[in-house]
Amino acid sequence: MSFDLAAYLAERRRAVDAALDRHLPPPDAPPAIIHEAMRYSVFAGGKRLRPILVIAGAEAVGGSVERVLPTACALELIHTYSLIHDDLPAMDDDDYRRGRPTNHKVFGEAIAILAGDALLSLAFGLLAESASLDVVKEVAAAAGTFGMIGGQVVDIQSEGKPVEARTLEYIHTHKTAALIRCALRSGAMIAGAAPETLAAVGEAGSRLGLAFQIVDDILDVEGSLEELGKTAGSDQRKKKATYPEYFGREASRLKAKALIEDAKAALAPLGPRAGPIRALADFILERRS
Ligand code: GRG
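Treat the numbers as computed from the prediction; the structure is a model and nothing was measured.

## Some thoughts on the site of the ligand
In the vicinity of the ligand there are 20 residues, among which K47, R50, H79, R98 and Q152 approach most closely. Take K47: an N or O atom from its side chain is 2.6 Å from an oxygen atom of the ligand. Here an oxygen atom of the ligand sits 2.8 Å away from a polar atom, N or O, in the side chain of H79. Judged by the proximity of its atoms to the pocket grid, the ligand belongs to the largest pocket. The leading source of residues in the shell around the ligand is helix 4 (residues 65-86), at six residues. The class makeup of the residues in the shell around the ligand is six nonpolar, seven polar and seven charged.

The following block contains the structure:
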């Protein structure tokens, strides 16, 4: 029987959502406005890809869902903070995210900035309570200036300018792939992966992450507000450095496909337990939202 990805995703999304609800402060805890703003964006309906990759990373080396749930939540909180800040007028100035008006459109810029900061603080609190120092360091590196923030800085600096292919790859591998790789590796680390297994999982994560952002660039050209939950065509309007802009849509799709195959090849030594990661790899390539 083939792997039922829809059932796998639905079950793990439910577990992640319930854990997020437990870990986030109640919406009426004073000062209520900040807790409402945090919950507004977290529960706006994201795919939960990063927390599910934490879980799949653990399962690929025989770990349990329960054990990695706090780390899975931490990754989703960091991802949501990055989306809130990315949407701010000072950054991408977007009006819609996850099918809803962006956080600053509803709560104002000051609360949106603070909601992002609060999600990041909560994430590291959760990690400190539940993960080893190695995992905390791994996440800090992936989210920081040599990871996601570094990629965001170069992305912003490159707007409206001609970029070289290696700059484009730097942006995508840092802005997006670093956190996706970290999600897979963190799950595997908590589940006690051997060094060579962890290296294979990291290889796969880097390729999945880059493929994810290339597909995101293509969807920004091809998708709609209904499908994406955010305004399509925004990369072109902001003159962003993207794969389809640089290489064309067809070559970008082939590149994403090749990366997905490379990711699966890297996972070969893990055997059947990496089945969910392989299915997630196909999902990353085929997704429409
Ligand atoms: C520190 C001031 C400050 C800002 C941080 C780091 C940063 C701003 C932004 C990160 C860059 C970013 C938003 C990259 C885009 C990654 C991406 C493709 C996001 C969309 O991910 P999905 O499709 O979203 O998984 P859902 O909503 O499904 O979770």
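## Brief notes about the nonpolar core
Core analysis: the biggest nonpolar cluster contains 90 residues, and Y8, L77, I78, L119, L208, L270 and L280 have the highest contact counts within it. Once you skip the residues sitting within four places of it in the chain, Y8 turns out to touch F3, I52, I55, A56, E59, P276 and L280.

## Quick notes on the packing of helix 3 (residues 49-59) against helix 9 (residues 165-190)
Relative placement of two packed helices is described by the angle separating their axes and the distance separating the axes. The N-to-C vectors of helix 3 and helix 9 enclose an angle of 35 degrees; their axes lie 6 Å apart at closest approach. Helix 9 is crossed by helix 3, and the crossing has right-handed handedness. Of the residues in helix 9, those touching helix 3 at L49, R50, L53, V54, G57 and A58 are L179, I180, A183, L184, G187 and A188. Class assignment of the residues belonging to the contact of helix 3 with helix 9 gives a composition of nine nonpolar, two polar and one charged.

## Thoughts on the environment of E138
For E138, the location among the structural elements is in helix 7 (residues 133-143). Accessibility expressed as a relative area gives 14% for E138, which makes it buried.

## What to know about empty space enclosed by the protein
One pass over the structure, following the stated rule, counts one cavity of 30 Å³ or more. In this structure, the largest cavity encloses a volume near 90 Å³. Lining of the largest cavity is provided by 13 residues; of these, S41, A44, R97, R98 and N103 occupy positions nearest its centre. At the level of secondary structure, the elements contributing two or more residues to the lining of the largest cavity comprise helix 2 (32-42), helix 4 and strand 2 (100-101). In terms of residue count, helix 4 provides more of the lining of the largest cavity than any other element does, three residues in total.

## Examining the packing of aromatic side chains
Applying the stated criterion to the full structure yields four aromatic pairs. Aromatic side chains Y40 and F107 sit 5.4 Å apart centroid to centroid with 75 degrees between the ring planes, which places their arrangement in the edge-to-face category. With Y40 in helix 2 and F107 in helix 5 (residues 103-107), the pair connects residues that are 67 residues apart, well separated along the chain. A relative accessible area of 16% means that Y40 is categorised as buried. Centre to centre, the rings of Y246 and F247 are 4.7 Å apart; their planes meet at 65 degrees, and the pair counts as edge-to-face. Y246 sits in the partly exposed class, given a relative accessible area of 40%. Note on F247: relative accessible area 39%, which makes it partly exposed.

## What about the environment of V42?
When you line up the elements, V42 lands in helix 2. A relative accessible area of 0% means that V42 is categorised as buried. Placed 25 residues apart in sequence, V42 and D17 show a C-alpha to C-alpha distance of 9.1 Å. Not counting residues within four places of it along the chain, the set of residues in contact with V42 comprises L20, L24, R48, L77, T80, R98 and L119.

## Considerations on the side chain of T102
The residue T102 is located in the loop between strand 2 and helix 5 in this model. Here D94 takes part through its backbone oxygen, which lies 2.8 Å from a polar atom of the side chain of T102. Those residues in contact with T102 that lie beyond four places of it in its chain are Y40, D87, D94, D95, Y96 and R97.

## Some words on the state of the cysteines
Scanning the model with the defined rule gives zero disulfides in all. This cysteine, C73, is not joined by any disulfide, and C182 carries the nearest cysteine sulfur, 14 Å off. What makes C73 buried here is its relative accessible area of 0%. A relative accessible area of 1% means that C182 is categorised as buried.

About the criteria used
Residues numbered from 1 in each chain as written. Predicted model: local features only at pLDDT ≥ 70, side-chain atom pairs only at ≥ 80, totals over all residues. Heavy atoms only, no water. Near = heavy atom within 4 Å. Polar contact = N/O pair within 3.5 Å; in protein donor to acceptor, adjacent residues only side chain to side chain. 1 Å grid on protein atoms, 1.4 Å probe; cavity = no way out; pocket = protein on both sides within 12 Å on 5 of 7 lines; lining within 4 Å. Sits in = over half its atoms within 2 Å of the grid points. Helix = DSSP H or I, 4+ residues; strand = E, 2+ residues; numbered from the N terminus. Nonpolar A, V, L, I, M, F, W, Y, C, P; charged D, E, K, R; others polar. Core = buried A, V, L, I, M, F, W, Y, C linked by side-chain atoms within 4.5 Å. Buried < 20%, exposed > 50% of the residue type's maximum accessible area, 1.4 Å probe, protein only. Contact = heavy atoms within 4.5 Å. Axes fitted to C-alpha atoms, helices over the stretch in contact; angles between N-to-C directions. Left-handed = near helix turned anticlockwise from the far one by under 90°. Points joined across faces, edges and corners; volume = space filled by probe spheres on them. Phe/Tyr/Trp six-rings, centres within 6.5 Å; stacked < 30°, edge-to-face > 60°. Disulfide = S-S within 2.5 Å.

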